[in-house]
Amino acid sequence: MKLDWEQRGGVVHVRVPDPRIDAAVAIQFKDRMRGLLAETVGADRVVLDLGAVDFIDSSGLGAIVAVKRGLDPIPLDLAALTPPVQRLFQLTRMVEFFHVLPEPESGAASPAARGDPVGMSPPDCAAP
Amino acid sequence: MILAAQRHRPPVGVPHIGAPIRIRLWADAFAVRAALGDLSAALAATLPRTAVNRTELVLAEVLNNIVEHAYRGGGGAVVLRLRQQGDMLLILIADHGLPLPGAVLLTNAQPPLRLVESGFGWPIIRSLALHLAYCRAGRWNRLRLRLSTKARPV
């Protein structure tokens, strides 16, 4: 599973380009998120852009919660939830524990930044 | 006789998936993903988007439980059958893994209400299914579900 990310000041924007975070990739998602966040320096907030994701199951949800808990006290906010994903967060009442932004704000999610080779470092390549 | 005829004839105007759908799959996370993709594509031809999403999510939770708990990650056969009756999908999921602890269907209906990493599966199933029944028949687990085919009101 690939994750697109960039850091602007203290805010790390992570975008999930795959349409699914399900049981097949939940552990990989969690490990890659932790890996890339471990590389960032001086982050005081992380925004997870789920605008391209149209399916998350309980395993994927558990992985997102695990990342959030691992980051504490740095907040993990969610952005650009698609209707099925928003529904999942409502059903499980996890919406009460996350700050949800309607739009991806800026950074890794914006179409203009997508081709930017400086801003987009896949975590696989960034490892020393 | 009249009842049997009605059962197979949906009310006029109700989108219908047509013939019953039968899927056999191996209990593995990637096979589950592939089966759900095929099924959602088939259902999306006639059912409203929210009904397809609901069906996919519930079946993902049921099938993931089978992968992780009934077969404990070791794999095994799963049979999935769906047919439509009026504005309901009648679903049977069968596997021959470990039996489901009986109490699970009766409890665990509430989501955790804490920031935890697991325990969402059954609450999701319970909150979206209209009806749920489990039985152990010989070496087989049989879970029957009814899901609405109606669009979720916004």
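Preceding this paragraph is the structure being described.
Residues numbered from 1 in each chain as written. Chains lettered and ligands numbered in written order. Predicted model: local features only at pLDDT ≥ 70, side-chain atom pairs only at ≥ 80, totals over all residues. Heavy atoms only, no water.

Enquirer: Got a minute to help me understand the overall build of chain B in this structure?
Expert: Each helix and strand in chain B was counted, giving four helices and five strands. Along chain B, from the amino end to the carboxyl end, the secondary structure elements read α-β-α-α-β-β-α-β-β. A burial count over chain B gives 44% of its 154 residues as buried. Restricting the contact set of chain B to residue pairs at least 6 apart, pairs at least 24 apart contribute 65%. As displayed, chain B has an accessible area near 8,200 Å², and 58% of this comes from carbon and sulfur atoms. (Helix = DSSP H or I, 4+ residues; strand = E, 2+ residues; numbered from the N terminus. Buried < 20%, exposed > 50% of the residue type's maximum accessible area, 1.4 Å probe, protein only. Contact = heavy atoms within 4.5 Å. Areas by Shrake-Rupley, 256 points an atom, 1.4 Å probe, with all protein chains shown as cover.)

Enquirer: Hey, could you run me through the interface of chain A and chain B in this one?
Expert: How big an interface is tends to be stated in terms of the accessible area lost upon association of its parts. Facing the 25 residues of chain A at the interface are 23 residues of chain B. Note on chain A versus chain B: buried area summed over both sides is about 2,200 Å², and carbon and sulfur give 64% of it. Summed over the shared surface of chain A and chain B, the number is three salt bridges. The partner of R69(A) in a salt bridge is E117(B), and the shortest N-O contact between them spans 3.7 Å. The interface formed by chain A and chain B includes five residue pairs in polar contact (both at pLDDT 80 or more). Among the secondary structure elements, those contributing two or more residues to the side of chain A that touches chain B are strand 5 (55-56), helix 2 (58-71) and helix 3 (83-91) of chain A. (Buried area = accessible area lost by both parts, 1.4 Å probe. Salt bridge = Lys/Arg side-chain N within 4 Å of Asp/Glu carboxyl O. Polar contact = N/O pair within 3.5 Å; in protein donor to acceptor, adjacent residues only side chain to side chain.)

Enquirer: In this structure, what is going on with the packing of aromatic side chains? I would like to understand it.
Expert: Centre distance and the angle of the planes are the two values used to describe a pair of aromatic rings. All names here are of chain A. Taken as a whole, this structure holds one aromatic pair over all chains when the rule is applied. Each ring, one from F89 and one from F98, has its centre 5.5 Å from the other, and the planes form 85°; the classification is edge-to-face. For the pair shown, F89 and F98 are each scored as buried. The lysine or arginine in question, K68, covers the ring of F98, its NZ or CZ lying 4.9 Å from the ring centre. (Phe/Tyr/Trp six-rings, centres within 6.5 Å; stacked < 30°, edge-to-face > 60°. Lys NZ or Arg CZ within 6 Å of the ring centre and 35° of its normal.)

Enquirer: Help me understand helix 3 of chain A in this model?
Expert: Because an α-helix packs 3.6 residues into every turn, residues spaced three or four apart end up facing the same way. For helix 3 of chain A, the complete set of buried residues consists of V85(A), L88(A), F89(A) and L91(A). Each buried residue of helix 3 of chain A sits inside an arc of 165° when the element is viewed along its axis, so together they form one side. Against strand 5, helix 2 and strand 6 (76-79) of chain A together with helix 3 (49-70) and helix 4 (121-128) of chain B lie the buried residues of helix 3 of chain A. Residue R93(A) follows helix 3 of chain A closely and has a positive phi angle near 60°. (Arc of directions from axis to C-beta.)

Enquirer: Whenever I open this one, the sheet that holds strand 1 (residues 21-26) of chain B confuses me. Can you help?
Expert: Strands belonging to one sheet form pairs held by backbone hydrogen bonds; the direction of such a pair is parallel or antiparallel. Residues and elements named next belong to chain B. Taking strand neighbours across the sheet as the criterion, the five strands line up as 1-2-3-5-4 in an open arrangement whose pairing is antiparallel. At either end of the open sheet lies a strand with only one pairing partner, and these are strand 1 and strand 4 (131-137). Between one strand axis and the next, the sheet turns through 15° on average, direction left out of account. In terms of strand pairing, strand 1 meets strand 2 (residues 77-85) through six bridges, oriented antiparallel. For R24, the partnering residue across the bridge sits in strand 2 and is V79. Running over the sheet, helix 2 (residues 29-44) touches strand 1, strand 2 and strand 3 (88-95) and is turned about 165° from strand 1. (Pairing = 2+ DSSP bridges. Axes fitted to C-alpha atoms, helices over the stretch in contact; angles between N-to-C directions.)

Enquirer: Would you mind showing me how to read the pairing of strand 2 of chain B here?
Expert: Residue and element names in this part refer to chain B. With eight bridges joining them, strand 2 and strand 3 adopt antiparallel strand pairing. Paired with L80 across the bridge in strand 3 is I93. Once strand 2 ends, the chain turns through two residues before running back antiparallel as strand 3, passing G86 with a positive phi of about 60°.

Enquirer: How should I be thinking about unusual backbone geometry in this particular structure?
Expert: In this chain, D72(A) is followed by P73(A) through a cis amide linkage whose omega measures 15°. In this structure, R72(B) is a non-glycine residue whose phi angle is positive, near 50°. Among the structural elements, R72(B) can be located in the loop between helix 3 and strand 2.

Enquirer: Is there a simple way to think about the environment of S148(B) in this case?
Expert: All names here are of chain B. Secondary-structure assignment places S148 in strand 5 (residues 140-148). Sequence separation between S148 and A45 is 103 residues, and the spatial gap between their C-alpha atoms is 16 Å. Separated by 2.9 Å, the side chain of S148 and the backbone nitrogen of K150 make a polar contact.

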